Amino acid sequence: QVQLVESGGGLVQPGGSLRLSCAASGFIFRIYTMTWYRQASGKERELVAIIDSTGGVTDYADSVKGRFTISRDNAKNTVYLQMNSLKPEDTAVYHCQVVATEPHFAPWGQGTQVTVSS
C-alpha cells in the first residue's frame, strides 16, 4: 500500500524556520518526482515545490522562492521542505504527493499544520 506521512509542522513566529518531512512507502520512491502542496483554511490547494527523482531539478511557487528548499533522500524514502523566513501567509496544512501518470496513485496523507503567528 502506498503511504505518505508528513511531519514537522508547528507554531512558529514570523521570520522563523521549520523543516517538514514526508516519509513514503509502498512504491519505488527513487523513480518518482515528488511535490509539496499546501492548503490554507478556506482556500484551494496550491503547489508549493517540486523535485525530480534524482533531486537534480527543483521548482517553486513564486510566493516561496528564495525562502523554501525542497530536497530528498532516496536512501531514506523521504522528501523534505525547509522553510525559512516564514510569513503569516504561509499558514496552511502542508501535504506531500507523488507525480504519477496512474490516477490516484497515492492517497493524500494526513498533512502537517504550519501556523505562522506572533
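Residues numbered from 1 in each chain as written. Predicted model: local features only at pLDDT ≥ 70, side-chain atom pairs only at ≥ 80, totals over all residues. Heavy atoms only, no water.

Overall, the coordinates contain five aromatic pairs when judged by the stated rule. Between Phe 27 and Phe 29, the ring centres sit 6.2 Å apart and the planes meet at 55°, which makes this aromatic pair tilted. Judged on exposure class, the residue Phe 27 and its partner Phe 29 are both buried. Taking 5.6 Å as the distance between ring centres and 80° as the angle between the ring planes, the aromatic pair formed by Phe 27 and Tyr 32 counts as edge-to-face. The same class applies to Phe 27 as to Tyr 32, namely buried. The structure contains a cluster of three or more aromatic residues connected by ring pairs, namely Phe 27, Phe 29, Tyr 32 and Phe 105. Note that Arg 45 overlies the ring of Trp 108, its terminal NZ or CZ placed 4.0 Å from the centroid. The ring centre of Phe 29 lies 4.3 Å from the NZ or CZ of Arg 72, which sits over that ring. (Phe/Tyr/Trp six-rings, centres within 6.5 Å; stacked < 30°, edge-to-face > 60°. Buried < 20%, exposed > 50% of the residue type's maximum accessible area, 1.4 Å probe, protein only. Lys NZ or Arg CZ within 6 Å of the ring centre and 35° of its normal.)

Read across the open sheet, the six strands follow the order S2-S10-S9-S4-S5-S6; overall the sheet is mixed. Every interior strand has two partners, whereas the edge strands, strand S2 (10-12) and strand S6 (58-60), have only one. Taken over all neighbouring pairs, the strand axes of this sheet differ in orientation by 25° on average, direction set aside. (Pairing = 2+ DSSP bridges. Helix = DSSP H or I, 4+ residues; strand = E, 2+ residues; numbered from the N terminus. Axes fitted to C-alpha atoms, helices over the stretch in contact; angles between N-to-C directions.)

Another point: the state of the cysteines. Overall, the coordinates contain one disulfide when judged by the stated rule. Across the disulfide, Cys 22 is cross-linked to Cys 96 (sulfur-sulfur distance 1.8 Å). The sign of the S-S torsion, about 55°, decides the handedness of the disulfide formed by Cys 22 and Cys 96: right-handed. One end of the pair, Cys 22, is in strand S3 (residues 18-25); the other, Cys 96, is in strand S9 (residues 92-99), with 74 residues separating them in the sequence. Side by side, Cys 22 and Cys 96 carry an identical accessibility label, which is buried. (Disulfide = S-S within 2.5 Å.)

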